[in-house]
Amino acid sequence: MIGRVLIAGGGIAGLALATALRHRGLDAVVAEHTSAPARSGAGLVLAPNAMKALHSIEPGLAAAVRAAGRPSGVRGSTGHRTPFLDARGRELGRVSFDGFEERWGQPAVAILRADLHAVLLDAAKAAGAELVPGFTAQRYSGDSASIELVASDGRGLRGDVLVGADGLRSAVRRSLVGPGEPRYRGITAVRGTGVAPEAHPDGFIAYGRGIVVFAAGVGDGRVYWVASMAARRGEWPRRPAAEALRLVRDRLCTWDPAVRQVVATAGDAGCVVTDVFDRPPSRTWHRGRVALVGDAIHPMVYTLGQGAGMALEDAAVLGVRLSTAETWESALAGYAAERSARAAKVARQSRMLGRVAHVRSPSGAALRDAVLRIVTRTTGGGRQNAALFGWSPPC
Ligand SMILES: Cc1cc2nc3c(=O)[nH]c(=O)nc-3n(C[C@H](O)[C@H](O)[C@H](O)COP(=O)(O)OP(=O)(O)OC[C@H]3O[C@@H](n4cnc5c(N)ncnc54)[C@H](O)[C@@H]3O)c2cc1C
């Protein structure tokens, strides 16, 4: 019998899982290492499968995310397109969002991370989750009756099951799977918000050699943007934000004015610089009373825009398994069986896309652009996403 679930990490996966569990009658305790969330300029796009996961956890949660962000492909709406550009602003193709909600059940939603976090936190609180801020999970120990999560300051929390939702460098993962650094994928990402260009108010993806600039409209004439670049590990994150921004602007100085504008209008304050990592697929998703979700088990290169999507799918599936299985053993085994192949496949596709997108050689970039032209012409950028967006949440 499962009564109380401990969750290490109050990020996207942890808060969503806490809400899922509370709505299904289980106690959820979220131990989060920060005391208050940071307000950064970073954003993300939640694909229709991510939105379906939220809706299955609690319909009001998906509605709140739609209200806080900018949905594309809402039922009955038309005309929302993301152009694929080259560095000079010439259009290589475009992806249409028309019919997303009709086809996939939900639109895609671009949202600032801080706004998504606020929605998830409010939902977890309203559902009655117990939140423990300032708790840095360090290790756990279990016996036949329960499991204890121990913080770096010695505090302990006890429950029936522990879920590691503590992100890329998960402490729970380290105890469960063993030590091992994530793999740097040769890409660094500089992120911020800026003014939406008149030519592309909903955003764009612009491809250069070894650099890609992505922007997505988040409302009020603003876009969040990511400039991702082939780089050596640690080269960019050690720079102050102002210097990173200046260098990105320098690298874009010959680019199309619409692309330059989004970076030119960003302030240092919300600028985030991160190297991009993933991990090889892990066979160990759970052991004993402990399981992993989200980036703790399957961090992925961001280019497919599915890391948070997979984290939310994990939360939706684990929430159902923990609340319906007869035993915690069968709940965790069922969760891993349902999730591992899909997450591994999406991580693999993300890594491949990241490599192709950031190709540096002139011939490689020309080939990439030619492929983009063909792909967007033949599929409208939609059909190849059926495997991703067509995911069905558990009942
Ligand atoms: C540049 C970039 C762009 C991206 N764009 C997208 C996108 O468009 N769409 C998309 O779906 N995904 C995107 N992603 C991926 C997405 O951000 C992640 O996959 C997602 O945040 C994973 O959620 P999570 O809850 O597993 O981890 P996190 O969001 O990292 O949350 C982990 C939480 O655990 C806490 N924590 C860490 N250690 C401890 C500890 N020891 N004890 C207690 N708490 C701890 C952290 O403070 C944090 O709150 C992007 C990633 C990057 C880098």
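Predicted model only: the values in this text are computed from it and were never measured. (Residues numbered from 1 in each chain as written. Predicted model: local features only at pLDDT ≥ 70, side-chain atom pairs only at ≥ 80, totals over all residues.)

A. Summary view of the overall build of the protein chain. On a plain count of helices and strands, the protein chain comes out with 12 helices and 19 strands. Here the protein chain holds 395 residues, and 52% of them are scored as buried. Across the protein chain, every contact between residues at least 6 apart in sequence was considered, and the portion connecting residues at least 24 apart equals 75%. (Helix = DSSP H or I, 4+ residues; strand = E, 2+ residues; numbered from the N terminus. Buried ≥ 20, exposed ≤ 12 C-beta atoms within 10 Å, placed from the backbone. Contact = placed C-beta atoms within 7 Å.)

B. Structural detail: the sheet that holds strand 17 (residues 272-278). Taken together, 7 strands build an open sheet; the order of strands is 6-5-14-15-16-13-17 and the sheet is mixed. In the strand order of this sheet, the two ends are held by strand 6 (91-96) and strand 17, each with one partner. Pairs of neighbouring strands in the sheet enclose a mean axial angle of 20 degrees, with direction left out of account. Here strand 5 (residues 81-86) runs beside strand 6; their pairing, made up of 5 bridges, is antiparallel. Pairing of Leu85 across the sheet is with Glu91, part of strand 6. Strands in contact with helix 8 (residues 257-264) are strand 13 (183-195), strand 14 (203-207), strand 15 (211-219) and strand 16 (222-230); relative to strand 13, the strand with the most contacts, it is inclined by about 85 degrees. The strands touched by helix 10 (residues 328-357) are strand 13, strand 14, strand 15 and strand 17; relative to strand 13, the strand with the most contacts, the crossing angle is about 75 degrees. (Pairing = 2+ DSSP bridges. Axes fitted to C-alpha atoms, helices over the stretch in contact; angles between N-to-C directions.)

C. Examining unusual backbone geometry more closely. For Asp220, which is not glycine, the phi torsion reads 55 degrees and is therefore positive. For Asp220, the location among the structural elements is in the loop between strand 15 and strand 16. Given 8 C-beta atoms within 10 Å, Asp220 falls into the exposed group.

D. Just the site of the ligand, in detail. Around the ligand there are 36 residues in total, and Gly9, Gly11, Gly167, Gly294 and Gly307 lie nearest to it. Broken down by secondary-structure element, the contributors of at least two residues to the shell around the ligand are helix 1 (12-23), strand 2 (27-32), strand 3 (43-46), strand 13, strand 17 and helix 9 (307-324). When residues in the shell around the ligand are grouped by element, the largest group, 4 residues, is from helix 9. For the shell around the ligand, the class distribution of residues is 18 nonpolar, 14 polar and 4 charged. (Near = placed C-beta within 6 Å. Nonpolar A, V, L, I, M, F, W, Y, C, P; charged D, E, K, R; others polar.)

E. How the structure looks around the pairing of strand 1 (residues 4-8). With 4 of 5 residues buried, strand 1 lies mostly within the body of the structure. Both strand 1 and strand 2 contribute to a ladder of 5 bridges, which runs parallel. For Arg4, the partnering residue across the bridge sits in strand 2 and is Asp27. As defined by bridge partners, strand 1 adjoins strand 12 (residues 161-164) across 4 bridges and the pair is classed as parallel. Residue pairing for strand 12: Ile7 is matched across the bridge by Val163.

F. How the structure looks around the sheet that holds strand 11 (residues 156-159). The strand order across the open sheet built from 3 strands is 9-10-11, with neighbouring strands paired in antiparallel fashion. Two strands in the sheet have a free side with no partner beyond their single neighbour: strand 9 (137-142) and strand 11. Within this sheet the neighbouring strands show an average axis-to-axis angle of 20 degrees, counted without direction. In terms of strand pairing, strand 9 meets strand 10 (residues 147-151) through 5 bridges, oriented antiparallel. Within strand 10, the position partnered with Tyr140 by the bridge is Leu149.

G. Examining helix 3 (residues 59-68) more closely. Along helix 3, the residues that are buried comprise Leu61, Ala62, Val65 and Arg66. All buried residues of helix 3 project into a common sector of 135 degrees when viewed along the axis, lining one side. Along helix 3, the residues that are exposed and aim more than 90 degrees away from the buried face are Pro59 and Ala67. (Arc of directions from axis to C-beta.)

H. Spotlight on the environment of Arg339. Among the secondary structure elements, Arg339 is positioned in helix 10. Since 21 C-beta atoms lie within 10 Å of it, Arg339 is described here as buried. The spacing of Arg339 and Met310 is 29 residues in sequence and 8.9 Å in space, taken between C-alpha atoms.

I. Region of the structure containing the packing of helix 2 (residues 48-57) against helix 9. Two elements in contact, helix 2 and helix 9, have axes whose closest approach is 8 Å; the angle formed by their N-to-C orientations is 30 degrees. Between helix 2 and helix 9, the angle is such that the two are roughly parallel. Crossing of helix 2 over helix 9 shows left-handed handedness. Contacts between helix 2 and helix 9 involve Asn49, Ala50, Ala53, Leu54, Ser56 and Ile57 from the first element and Ala308, Gly309, Leu312, Glu313, Ala315, Ala316 and Gly319 from the second. Split into classes, the residues belonging to the contact of helix 2 with helix 9 amount to 8 nonpolar, 4 polar and 1 charged. (Parallel < 35°, antiparallel > 145°, perpendicular 65-115°, else oblique. Left-handed = near helix turned anticlockwise from the far one by under 90°.)

J. Looking closely at the nonpolar core. Grouped together as the largest cluster of nonpolar side chains are 131 residues, with contacts concentrated most on Ile7, Ala16, Leu17, Leu46, Val293 and Ala315. Of the residues forming this core, the biggest block, 10 residues, is contributed by helix 9. Contacts of Val293, omitting those with residues within four sequence positions, involve Ala13, Leu17, Val163, Ala165, Ala311, Asp314, Ala315 and Leu318. (Core = buried A, V, L, I, M, F, W, Y, C linked by C-beta atoms within 7 Å.)

K. Highlighting the pairing of strand 7 (residues 108-112). Here strand 7 lies mainly inside the structure; 5 of its 5 residues are buried. Here strand 7 shows no split at all, with Ala108, Ala110 and Leu112 on one side and Val109 and Ile111 on the other all buried. Sheet topology places strand 3 next to strand 7; 4 bridges connect them, and they run antiparallel. Residue pairing for strand 7: Leu46 is matched across the bridge by Val109.

L. Inspection of the environment of Trp225 at higher detail. Locating Trp225 in the fold gives a position in strand 16. A count of 27 C-beta atoms within 10 Å places Trp225 in the buried class. A sequence separation of 39 residues divides Trp225 from Gly186, and the C-alpha atoms of the two residues are 19 Å apart. Contacts of Trp225, omitting those with residues within four sequence positions, involve Arg191, Gly192, Gly194, Val213, Phe214, Ala215, Val262 and Val263.

Taken by themselves, the reported measurements are silent on function.
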